[in-house]
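# Breakdown of the fold
Next come the chains, spelled out residue by residue.
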Amino acid sequence: MTIPGSGYLMDNEASCLPCTPEEEKRIIEELTKEAESKLKEGNLYYVISNRWFMDWQRYSGQDTGDCPMDEHPSGSQLSNGFRSKKADRPGQIDNTLLVKSGSDGKVNDLELVRPLEEGRDYVLIAQEVWKKLHDWYKGGPALPRRLISQGVLHKNFTVEVYLLCLYLIDSRDNSQSVIRISRKASVRELYDRVCSFHKLEQKKVHIWDYFNKRKHSLLAISNNTLEEMNLQMDQHMLLEVQHSGFLSSGFGMDSTGNELALVPIEPSRSPVTIAGGPTLSNGNSTGFGSSLLQGNNLSSVLMDVDDVYGPLSTVTKGDRGGLAGLQNLGNTCFMNSAIQCLVHTPPLVDYFLQDYIEEINMQNPLGMHGELAVAFGDLLRRLWSSGRTPITPRAFKGKLARFAPQFSGYNQHDSQELLAFLLDGLHEDLNRVKHKPYLETKDANGHPDEEVANECWEYHKARNDSIIVDICQGQYKSTLVCPVCSKVSVTFDPFMYLSLLLPSSVTRSMTITVFYGDGSALPMPFTVTLLKHGCYKDLTQALSNACCLKSDESILLAEVYDHRIYRYLEKPSDPLSMIKDDEYIVAYRLPKNHNELTRLEIVHRSKGKATSDMINSGDWRLFGTPLVTFLGEGPQTGTDVQITIHKVLAPLQRKSYFSLTHTHANKDNGTAPGIDVDQSNSYNMELEKTSNGGLSYQLSLTDEKGLSYNPLGNDSLIGTVESIRVVLDWSDREHDMYDTSFLEDLPEVYKSGFTVKKTRQEAISLFSCLEAFLKEEPLGPDDMWYCPTCKEHRQASKKLDLWRLPEVLVVHLKRFSYSRYLKNKLDTLVNFPIHNLDLSKYVKSKGAGPQSHAYELYAISNHYGGLGGGHYSAYAKLIDEDRWYHFDDSHVSPVTEDEIRTSAAYVLFYRRLEPKLGAEGSSKFHLQATEVDAKSMHNST
């Protein structure tokens, strides 16, 4: 008989498939290419589970992008004596994990879980691709989203995965409903759909921007988009109707999933989801003060009525200025962290609190017509004038969406990338050069470095002259040497910040739980240390040594996901980078000849909350870790499966249960109570009862996806198959017999805390990072240099030196590393100076004069957590108070200087310390400042 869930298709079954894997791949590639050639706003794309899509890619023979595809001549690989097969054809498309579920376990009008990350949780496929895959595989649910155009200066297409979610409060009865609508929809569309839903006449309706449940502005019916009106995800809107009597009578939802959805919700439901902590209602709004700039294009679409500061006026610092937090608008902690660092940069504070209208450059084609500078200046003025009242940076975020669409939407972004954009954008908006002259950069060609450097700096200043250049830009000396003709090329280039690589550890710790397939011992987690760029074979060998694997045993690795085995790690050459830190990997100790036997995979179910999929039907739910063992040789029966499961579960037996069993057994055998009986005897009694058909587990055969479910009787015959999967239903009896904690307490491969502890052994010096940055090294193969002497592209050696240092030095610690096969974050503690970063020995210019090369730290952008999320905050020093504060979105609290040096430090901000007058005073300053950090730097330098 054919066993359901055996994980393979018979020849006659395969012939029923719509087409071969190779044909599926070809068809999908052609449809994708056609869709990419016809990109236009409004095209439909579909969100699809990345796990399912990767299964399909493997099935169709594609490189999934997470590992090298090393082909074996025979089309298979040997792994611990087991020959792996080509990937099975995936089951139905399953997007259920992407969709938010309600309290009843059912999906809630196809609202996506937040946050999801593209490439990790989901992928986007064109409409025709979805139709074809759905024809072949069925499943769902369908999650269509539209292509929208983003940006003003640089247009780009993006799929609007998350629709704008608005909470509409009806002032007549204070009822509340949720609206999901494109942020590119017009205000007119919003009115039309709200009126249609509530059966209202449009002329009798007013809709207010009700952010933080406070009236900000009445939305006038227009073609302006909701994005232009600065409406934010999860904010409130207020519906006012002139006369009562027009009541809502139904609920609507567009079938495309990309238009308006109005759904009644409970009034008590929290309307705002904030990544960085609770929201504080502050009653403040934003505006650019554009009415002060008559006749120009600085006017904002939305003018709030509160706290408007224009660039014409001079603003003085308010009481306790600089201590205002920034409200999180939904994953905007990256923006808040970057802004707090910039608004606590003393020269920028002085500049933007004064009248800077004359320096706004509205004609610069590389700028944003002055709008970014005015928006930033307005926000800085409010932060320094509002005391401790948190500010809502809605208007500023709106400008980011217009001019930097890469930061639009509601996902987490990178604070350093935002800082780079802001510094460059502010420079172009405030560039004093209205008409840039054309100047050709020349090579040194043997001229003195001082002469060439000064000339290059003057050329640069002739085209770029702003407050940002004045305080934030320095100059490199770049030396290239041809490896063939030894031609030396020296250039001097400006820089805005230093991006320093962190020396990463070459090893990686991994925790894997080992299960005994023969039931001889309890599962045990083992932590092994491996080379980061190793492969599965290395992991298998390390585990074999750690758990003292016997000569007649082998190890089978598997990833556990959602209480099922998601994949077996059977290819020894696959890189360890395929295993992510947050995954759950287990190892099964099995006989060496297990490839000759029938693999038995045991999945556990117990009574619990109902869910939508078949394997979780009724009141049952999956739990724990699947167990893998093997049946004996030759044909097997359901009873053989029962005996095998008894054996593999034996280590989990509770002593209390079997002591009671022993007592009853003693009575039955005439043995006096208190005389202990060997536990194995009791175990054998259980087996005997099972074999006699009395006491047995409730077992069902299932397939890999849980789409089939057939009871397995003791007399059922199991033919010669490679594998079977059974579901074990745990009743109260099994829970009494066995301790399931050993199945449920499964550790992640590597667990990183939210705040990484400072570890002296891991600490590296900031100076070592800088020296690695300035070290001579060959250019990469993609960065070949054209040698003017050889007339050929050469892989030259490159050496960087610091030549001219800025007043404000920004240092970016490159904690995130990306490659084709690996994305990683380094939580290494960098021991950086706070009071005296002395760079004198790294500056090669001899004509710096009296300028100091010593710096003091005044701000830090921090990142906590891992890739694809995490949280940003900032430390900043109020110079006038000589005191540090922690800016965590809306929350601001004092911190001590000892607390600011952590492994979360991501971007460091230093300001130049000017030497004291006189040689003696300067010398004293240097000694005093150096002593402050001498002790803390001693162990890491």
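Bear in mind the structure is a predicted one, so any value in this text is a computation, not a measurement. (Residues numbered from 1 in each chain as written. Predicted model: local features only at pLDDT ≥ 70, side-chain atom pairs only at ≥ 80, totals over all residues. Heavy atoms only, no water.)

Glancing now at the overall build of the protein chain. Broken down by element type, the protein chain carries 20 helices and 47 strands. In the protein chain, buried positions account for 53% of the 941 residues. Pairs at least 24 apart in sequence give 74% of the contacts found in the protein chain among residues at least 6 apart. (Helix = DSSP H or I, 4+ residues; strand = E, 2+ residues; numbered from the N terminus. Buried < 20%, exposed > 50% of the residue type's maximum accessible area, 1.4 Å probe, protein only. Contact = heavy atoms within 4.5 Å.)

Looking at soluble globular proteins, one finds that nonpolar side chains tend to be buried together. Ranked by internal contacts, the top residues of the largest apolar core, which has 62 residues, are Phe 352, Phe 396, Leu 418, Phe 421 and Phe 909. In contact with Phe 909, not counting residues within four places along its chain, are Cys 341, Leu 342, Leu 419, Leu 809, Val 810, Glu 856, Leu 857, Tyr 858 and Ala 859. Counting 37 residues, the second-largest nonpolar core is a separate cluster that includes Phe 495, Ile 860, Tyr 875 and Trp 884. (Core = buried A, V, L, I, M, F, W, Y, C linked by side-chain atoms within 4.5 Å.)

Let us now look at the sheet that holds strand β22 (residues 524-531). With mixed pairing, the five strands of this open sheet are ordered in space as β22-β21-β25-β23-β24. Single-partner strands in this sheet number two, and they are β22 and β24 (564-569). Taken over all neighbouring pairs, the strand axes of this sheet differ in orientation by 40° on average, direction set aside. (Pairing = 2+ DSSP bridges. Axes fitted to C-alpha atoms, helices over the stretch in contact; angles between N-to-C directions.)

To continue, consider the sheet that holds strand β26 (residues 599-607). Judged by pairing direction, the sheet is mixed, and its five strands sit side by side in the order β27-β26-β32-β29-β30 without closing on themselves. Taken across any chain shown, the strands that pair with only one partner, and hence form the sheet edges, are β27 (620-630) and β30 (709-711). Put simply, the sheet's adjacent strands are angled 30° from each other on average, direction ignored. Sheet topology note: the strand β29 (residues 698-702)/β30 ladder contains three bridges and is antiparallel. Bridged to Ser 700 within β30 is Pro 711.

Looking at helix α4 (residues 127-137), one finds that the buried residues are Val 129, Trp 130, Leu 133, Trp 136 and Tyr 137. Seen end-on, α4 carries its buried residues on one side only, within an arc spanning 130°. In the stretch just after α4, Lys 138 is the one whose phi turns positive, near 60°. (Arc of directions from axis to C-beta.)

Within the structure shown, the criterion is met by 44 salt bridges. The salt bridge partner of Arg 26 is Glu 30, with a shortest N-O separation of 3.4 Å. A residue pair is termed a helical-turn pair when its members lie 3 or 4 positions apart in one helix, as Arg 26 and Glu 30 do in helix α2 (residues 21-36) at four residues. By relative accessible area, Arg 26 is classed as partly exposed at 43%. Classification of Glu 30 by relative accessible area gives partly exposed; the value is 46%. Close ionic contact of Arg 605 with Asp 729 constitutes a salt bridge, the shortest N to O distance being 2.8 Å. Of this pair, Arg 605 sits in strand β26 while Asp 729 sits in strand β32 (residues 723-730), placing them 124 residues apart in sequence. Look at Arg 605 and you get buried, because its relative accessible area is 1%. (Salt bridge = Lys/Arg side-chain N within 4 Å of Asp/Glu carboxyl O.)

So, on to the environment of Leu 857. Looking at the element boundaries, Leu 857 is found in strand β43 (residues 854-864). The exposure class assigned to Leu 857 is buried, which follows from its relative accessible area of 0%. A C-alpha to C-alpha distance of 5.8 Å links Leu 857 and Phe 909, two positions 52 residues apart in sequence. If sequence neighbours within four positions are ignored, Leu 857 has contacts with Phe 832, Pro 833, Ile 834, Lys 877, Trp 884, Ile 900, Leu 908, Phe 909 and Tyr 910.

Before going further, it helps to examine the side chain of Glu 111. One can find Glu 111 in strand β6 (residues 107-112). Judged by relative accessible area, which is 5%, Glu 111 ranks as buried. Side chain to side chain, Glu 111 and Arg 180 meet in a polar contact 2.6 Å long. (Polar contact = N/O pair within 3.5 Å; in protein donor to acceptor, adjacent residues only side chain to side chain.)

All right, on to the packing of helix α8 (residues 371-383) against helix α9 (residues 394-403) then. Put simply, α8 and α9 touch, their axes get as near as 10 Å, and they point 160° apart. With respect to their mutual orientation, α8 and α9 come out roughly antiparallel. Judged by the twist between their axes, the crossing of α8 over α9 is left-handed. In contact with Glu 371, Leu 372, Ala 375, Phe 376 and Leu 379 of α8, α9 contributes Phe 396, Lys 399, Arg 402 and Phe 403. Broken down by class, the residue content of the contact of α8 with α9 amounts to six nonpolar, no polar and three charged. (Parallel < 35°, antiparallel > 145°, perpendicular 65-115°, else oblique. Left-handed = near helix turned anticlockwise from the far one by under 90°. Nonpolar A, V, L, I, M, F, W, Y, C, P; charged D, E, K, R; others polar.)

This part takes up the packing of aromatic side chains. Here the structure, examined in full by the defined rule, presents 19 aromatic pairs. Linked through ring pairs, Tyr 351, Phe 352, Tyr 356, Phe 376 and Phe 396 together constitute an aromatic cluster. Over the aromatic face of Tyr 568 sits the side chain of Arg 599, whose NZ or CZ is 4.1 Å from the ring centroid. (Phe/Tyr/Trp six-rings, centres within 6.5 Å; stacked < 30°, edge-to-face > 60°. Lys NZ or Arg CZ within 6 Å of the ring centre and 35° of its normal.)

Below, the discussion takes up the environment of Tyr 162. Residue position: Tyr 162 is located in the loop between β10 (156-159) and β11 (164-170). Once the C-alpha coordinates of Tyr 162 and Asn 411 are considered, the two residues, 249 residues apart in sequence, prove to be 9.2 Å apart. Of note is the side chain of Tyr 162, whose polar atom sits 2.4 Å from the backbone oxygen of Val 113. Engagement of the side chain of Tyr 162 in a polar contact is seen with the backbone nitrogen of Leu 116, the distance being 2.9 Å.

Residues Gly 140 and Pro 141 are joined by a peptide bond in cis, for which omega reads 0°. Summarising the element assignment, Pro 141 is placed in the loop between β8 (139-140) and β9 (144-150). At Asn 174, a position not held by glycine, the phi torsion is positive, near 65°. According to the relative accessible area criterion, Asn 174 is exposed, its value standing at 54%. Not every positive phi belongs to a glycine, and Asp 562 is a case in point at roughly 55°. Within the secondary structure, Asp 562 sits in the loop between β23 (553-561) and β24.

The next point concerns the packing of α9 against helix α10 (residues 415-429). Contact pair α9 / α10: the axes reach a minimum separation of 13 Å and the direction vectors enclose 85°. With respect to their mutual orientation, α9 and α10 come out roughly perpendicular. Of the residues in α10, those in contact with Phe 396, Leu 400 and Phe 403 of α9 are Leu 418, Phe 421 and Leu 422. When grouped by side-chain class, the residues that make up the contact of α9 with α10 number six nonpolar, no polar and no charged.

Since there are 3.6 residues in each turn of an α-helix, residues three or four apart along the chain are aligned in direction. A rise of 1.5 Å per residue sets the reference length of α10, with its 15 residues, at 21 Å; its end C-alpha atoms lie 21 Å apart and thus fit the reference within 8%. Extensive coverage of α10 is indicated by the burial of 13 of its 15 residues. The distance from a side-chain oxygen at the start of α10 to the backbone nitrogen of Gln 416 is 2.7 Å, and the residue carrying that oxygen is Asp 414. (Expected span 1.5 Å × (residues − 1).)

On to the pairing of β29, then. In terms of residue burial, β29 counts as a mostly covered element, since four of its five residues are buried. Across five bridges, β29 lies against β32 in antiparallel orientation. Within β32, the residue paired with Leu 699 across the bridge is Leu 728. What sits between β29 and β30 in their antiparallel hairpin is a turn of six residues, with Gly 706 showing a positive phi close to 75°.

Do not read the predicted coordinates in detail wherever pLDDT is low. Scored by pLDDT, the protein chain comes out at a mean of 78, with 75% of its residues at no less than 70. Predicted confidence is poor over residues 754-761, with pLDDT under 50, and the contacts of this stretch with residues over four places away or in other chains come to 13 contacts. (pLDDT = per-residue confidence, 0-100.)

A separate point is the pairing of strand β37 (residues 797-804). Of the pairings in the sheet, the one linking strand β18 (residues 474-481) to β37 comprises seven bridges and is antiparallel in character. The partner of Lys 477 across the bridge, within β37, is Asp 801. Pairing geometry for strand β34 (residues 777-778) and β37, over two bridges, is antiparallel. Within β37, the position partnered with Glu 777 by the bridge is Lys 798.

Moving on to the environment of Pro 711. Residue position: Pro 711 is located in strand β30. Counting along the chain gives 15 residues from Pro 711 to Val 726, while the straight-line C-alpha distance between them is 9.1 Å. Those residues in contact with Pro 711, other than ones at most four positions away along the chain, are Leu 699 and Ser 700.

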